[in-house]
Amino acid sequence: MTDHLLTASGLTKDFRGFTAVKQVDLSVERGTVHALVGPNGAGKTTLFNLLTGFLTPTSGTITFDGKDITGLQPENIAHLGIARSFQITSLFDNMTALEHLELALASPTGLGLKFWRSERSLEQFHGRALELLDQVGMADHATREVGQFAYGQKRAVELALALALDPQLLLLDEPTAGMGIDDVDRTIELIIRIAAGRTIVFVDHNMHVVGSLANRVTVLQQGQILVEGSYEEVRQDEKVITAYLGQAHA
Ligand SMILES: Nc1ncnc2c1ncn2[C@@H]1O[C@H](COP(=O)(O)OP(=O)(O)O)[C@@H](O)[C@H]1O
Ligand SMILES: [Mg+2]
């Protein structure tokens, strides 16, 4: 029997009459890397927002590890073991990488960074923070302010932040967006490393990334699932080819 860690059934999100996500049935098998692809505006980020409680679905249900998590607050969902990264970089330029990680570890939800923690109370998180930075290849840069980092390094720190709660399920929204080829390949290696013992769902427009990482691919178009299958199946699918050509000619 297939072991699904995450299941969405009939998931729908309306924004004042516009349906951004429409009757989506998505099942993610435990221990796999699952890609979500589709043209801009297809509803990928909205789907992530629904799965993590940042948006409440208009209808439908979400089950995680056998529990119904529909309508739970983001911090509760994070606690159950779902972490995410954001499409847009969200770091503070004048804080070091280490400080970002220590604050994330000190925050009970792993979400909000709380500034009133004393330096002393953060010390206990020092070791774990360094470990997490090491996992993403950034231990050597731990005490540098992130404002000095190259783009790829910032995204690596964000990955470390997403790992702070040791999530079972990690959702990555466009982890390689805006990266040059070297950073893209480094990020692929990094995701392979952090995928061990976890389940990952990621959004990416780069088919090299999708082909390198995904055990399964779901294609969204206009809020609905167009096709799902292996990378090989999906990339040869006529409907997918048409959807992407449609975008290229738009
Ligand atoms: N908060 C919102 N209010 C109204 N419309 C939204 C909101 N968030 C997203 N949308 C719309 O929903 C559609 C899907 O957006 P999004 O999920 O960001 O797509 P993707 O991540 O696939 O590019 C887009 O047409 C977008 O404009
Ligand atoms: Mg998006």
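Residues numbered from 1 in each chain as written. Chains lettered and ligands numbered in written order. Predicted model: local features only at pLDDT ≥ 70, side-chain atom pairs only at ≥ 80, totals over all residues. Heavy atoms only, no water.

1. Topic: the sheet that holds strand 1 (residues 4-15)
- Across the sheet, 4 strands lie side by side as 2-1-4-5; this open sheet has antiparallel pairing. Of all the strands in the sheet, the pair left with one neighbour each is strand 2 (18-29) and strand 5 (67-68).
- Bridge count for strand 1 against strand 4 (residues 59-64) is 5 bridges, and the pairing is antiparallel. Residue pairing in the sheet places Ser9 in a bridge with Thr61 of strand 4.
- Against the sheet, helix 1 (residues 44-51) touches strand 1, strand 2 and strand 4, its axis set at about 115° to strand 1. (Pairing = 2+ DSSP bridges. Helix = DSSP H or I, 4+ residues; strand = E, 2+ residues; numbered from the N terminus. Contact = heavy atoms within 4.5 Å. Axes fitted to C-alpha atoms, helices over the stretch in contact; angles between N-to-C directions.)

2. A word on the packing of helix 3 (residues 97-106) against helix 6 (residues 151-163)
- Where helix 3 contacts helix 6, the axes come no closer than 9 Å and their chain directions differ by 20°. With respect to helix 6, the element helix 3 is oriented roughly parallel. Judged by the twist between their axes, the crossing of helix 3 over helix 6 is right-handed. Contacts between helix 3 and helix 6 involve Ala97, His100, Leu101 and Ala104 from the first element and Val157, Ala160 and Leu161 from the second.
- Residue classes in the contact of helix 3 with helix 6 are distributed as 6 nonpolar, 1 polar and no charged. (Parallel < 35°, antiparallel > 145°, perpendicular 65-115°, else oblique. Left-handed = near helix turned anticlockwise from the far one by under 90°. Nonpolar A, V, L, I, M, F, W, Y, C, P; charged D, E, K, R; others polar.)

3. Side note on the pattern of salt bridges
- Under the criterion given, the structure shown has 9 salt bridges.
- Measuring nitrogen to oxygen at the nearest pair gives 4.0 Å for the salt bridge that ties Lys154 to Asp93. Residue Lys154 is found in helix 6, and its partner Asp93 is found in the loop between strand 6 (82-84) and helix 3; the two are separated by 61 residues along the sequence.
- Here Glu158 ties to Arg155 by a salt bridge, and the two come within 3.1 Å at their closest N and O atoms. With Glu158 and Arg155 both in helix 6 and 3 residues apart, the pair spans about one turn of that helix. Accessibility classification places Glu158 together with Arg155 in one group, the buried group.
- Beyond isolated ion pairs, a larger network of salt bridges with shared partners links Asp3, Arg30 and Asp65. (Salt bridge = Lys/Arg side-chain N within 4 Å of Asp/Glu carboxyl O. Buried < 20%, exposed > 50% of the residue type's maximum accessible area, 1.4 Å probe, protein only.)

4. With respect to the domain arrangement of the protein chain
- If you check the domain split of the protein chain, you get domain 1 (1-81 + 167-250) and domain 2 (88-166).
- The C-alpha-based centres of domain 1 and domain 2 are spaced at 25 Å.
- At the junction of the two partners, domain 1 supplies 19 residues and domain 2 supplies 16 residues.
- A combined buried area of about 1400 Å² lies between domain 1 and domain 2, and 67% of that area is made up of carbon and sulfur atoms.
- Sorting the residues of domain 1 by area buried against domain 2 places Pro167, Leu190 and Ile194 first, and these three jointly supply 30% of that buried surface.
- Inspection of the region where domain 1 meets domain 2 yields 1 salt bridge.
- For the salt bridge of Asp166 with Arg198, the shortest nitrogen-to-oxygen distance reads 3.1 Å.
- In this assembly, domain 1 and domain 2 are joined by 3 residue pairs in polar contact (both at pLDDT 80 or more). (Domains from an automatic or database assignment. Buried area = accessible area lost by both parts, 1.4 Å probe. Polar contact = N/O pair within 3.5 Å; in protein donor to acceptor, adjacent residues only side chain to side chain.)

5. What about the site of ligand 1?
- Lining the immediate surroundings of ligand 1 are Phe15, Phe18, Ala20, Pro39, Asn40, Gly41, Ala42, Gly43, Lys44, Thr45 and Thr46.
- Here an oxygen atom of ligand 1 and a backbone polar atom of Ala42 are 3.2 Å apart.
- Note that an oxygen atom of ligand 1 is positioned 2.9 Å from one of the side-chain N or O atoms of Thr45.
- Put simply, the parts of the chain that give the shell around ligand 1 at least two residues each are strand 2 and helix 1. (Near = heavy atom within 4 Å.)

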